[in-house]
Amino acid sequence: SQTIHQWPATLVQPVGSPLSLECTVEGTSNPNLYWYRQAAGRGLQLLFYSVGIGQISSEVPQNLSASRPQDRQFILSSKKLLLSDSGFYLCAWTRMAQTGELFFGEGSRLTVL
Amino acid sequence: SQQGEEDPQALSIQEGENATMNCSYKTSINNLQWYRQNSGRGLVHLILIRSNEREKHSGRLRVTLDTSKKSSSLLITASRAADTASYFCATHGSGNTGKLIFGQGTTLQVKP
């Protein structure tokens, strides 16, 4: 069966520090991968998605970047965090990009102080 | 712009009552999906309805889709305290990008 792992679960970082959130999927190959951000009490904002290794599409200009160094690994990064980067970050995958359901990780809660 | 918008933003009911949440969207869709999120957790897929379907059932869940009005509703019958969560509709964006766009969600509280 397929599983998705996301870490760390909780992170408290000072403004200006770097960030690295990791997401890996097991039990499938060539998944479509997504990073979403959720502000408190709000919906999900799509940040990045990837249809293959090294292929990253950015949805919102921002202080973040994403990379996909391996087929089932998706990384969200920042060189210098801003206060506005605080939020709940969710990684997700699907096999069928145009029609399929997404499977989500448990999320990473980032607090920038 | 946001593809899906839910209504109401918050809903509080007693256990045993039915809960209805509505979703509106703006562009043509391949399908519409509903997800559930417990507080502080990831989202879980509930049900998918295709653009050529008008109604779909899954256990205590009933979803309707009206493509002429660009709207969908999620009905939870005989609610339980364990149904307390946030519920989101989501639609695939235009083109073949595979982007799934979520609404702002409805927060449901079911009181025992």
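Provided above is the structure to which this section pertains.
Residues numbered from 1 in each chain as written. Chains lettered and ligands numbered in written order. Predicted model: local features only at pLDDT ≥ 70, side-chain atom pairs only at ≥ 80, totals over all residues. Heavy atoms only, no water.

1. A closer look at the interface of chain B and chain A
Facing 23 residues of chain B, the contacting portion of chain A comprises 21 residues. At the boundary of chain B with chain A, total buried surface from both sides reaches about 1,800 Å², with 48% on carbon and sulfur atoms. On the chain B side of the contact with chain A, Leu43, Lys99 and Gln104 of chain B bury the most area, a combined 24% of that side's loss. In this assembly, chain B and chain A are joined by one salt bridge. Salt-bridge contacts for glutamate 106 of chain A lead to arginine 41 of chain B; the nearest nitrogen and oxygen are separated by 2.4 Å. Where chain B touches chain A, the interface holds seven residue pairs in polar contact (both at pLDDT 80 or more). Among the secondary structure elements, those contributing two or more residues to the side of chain B that touches chain A are strand 4 (31–37), strand 5 (43–50), strand 9 (85–92) and strand 10 (100–102) of chain B. Considering every element that reaches the side of chain B that touches chain A, the biggest residue donor is strand 4 of chain B, with four residues. (Contact = heavy atoms within 4.5 Å. Buried area = accessible area lost by both parts, 1.4 Å probe. Salt bridge = Lys/Arg side-chain N within 4 Å of Asp/Glu carboxyl O. Polar contact = N/O pair within 3.5 Å; in protein donor to acceptor, adjacent residues only side chain to side chain. Helix = DSSP H or I, 4+ residues; strand = E, 2+ residues; numbered from the N terminus.)

2. What to know about the environment of alanine 81 of chain B
Residues and elements named next belong to chain B. Within the secondary structure, alanine 81 is located in the loop between strand 8 (71–76) and strand 9. Alanine 81 sits 67 residues away from glutamine 14 along the chain, and the two C-alpha atoms are 8.4 Å apart. Beyond its immediate sequence surroundings of up to four residues, alanine 81 is in contact with Glu15 and Val110.

3. Some words on the packing of aromatic side chains
For the coordinates displayed, the defined rule picks out nine aromatic pairs over all chains. Plain terms: the ring middles of tyrosine 36 of chain A and phenylalanine 104 of chain A are 5.9 Å apart, the flat faces sit at 45° to each other, and that makes the pair tilted. Taken together, the residues span a long stretch of sequence, with tyrosine 36 of chain A in strand 4 (residues 32–38) and phenylalanine 104 of chain A in strand 10 (residues 103–104) at a distance of 68 residues. Note on accessibility: tyrosine 36 of chain A and phenylalanine 104 of chain A belong to one class, buried. Note on tyrosine 36 of chain A and phenylalanine 102 of chain B: the rings are 5.4 Å apart at their centroids and 90° apart in plane angle, and the pair reads as edge-to-face. Taken together, the residues tyrosine 36 of chain A in strand 4 and phenylalanine 102 of chain B in strand 10 connect one chain to another. Each member of the pair, tyrosine 36 of chain A as well as phenylalanine 102 of chain B, carries the same accessibility label: buried. Members of the aromatic cluster, connected to one another through ring pairs, are Tyr34, Tyr36, Tyr49 and Phe104 of chain A together with Tyr35 and Phe102 of chain B. (Phe/Tyr/Trp six-rings, centres within 6.5 Å; stacked < 30°, edge-to-face > 60°. Buried < 20%, exposed > 50% of the residue type's maximum accessible area, 1.4 Å probe, protein only.)

4. Description of the state of the cysteines
Per the stated rule, a full pass over the model turns up two disulfides over all chains. One disulfide bridge connects cysteine 23 of chain A with cysteine 91 of chain A, the sulfur atoms lying 2.0 Å from each other. Handedness here is read from the sign of the S-S torsion; for cysteine 23 of chain A and cysteine 91 of chain A, about -75°, the answer is left-handed. Taken together, the positions of cysteine 23 of chain A in strand 3 (residues 19–26) and cysteine 91 of chain A in strand 9 (residues 87–94) put the pair 68 residues apart, joining distant regions of the chain. Overall, the relative accessible area of 1% leaves cysteine 23 of chain A in the buried class. You can call cysteine 91 of chain A buried: its relative accessible area is 0%. Each sulfur of the disulfide joining cysteine 23 of chain B and cysteine 89 of chain B lies 2.0 Å from the other. Looking along the S-S bond of the cysteine 23 of chain B-cysteine 89 of chain B disulfide, the torsion reads about 70°, which is the right-handed sense. With cysteine 23 of chain B in strand 3 (residues 19–25) and cysteine 89 of chain B in strand 9, this pair connects stretches of sequence that are 66 residues apart. In terms of burial, cysteine 23 of chain B and cysteine 89 of chain B fall into one category: buried. (Disulfide = S-S within 2.5 Å.)

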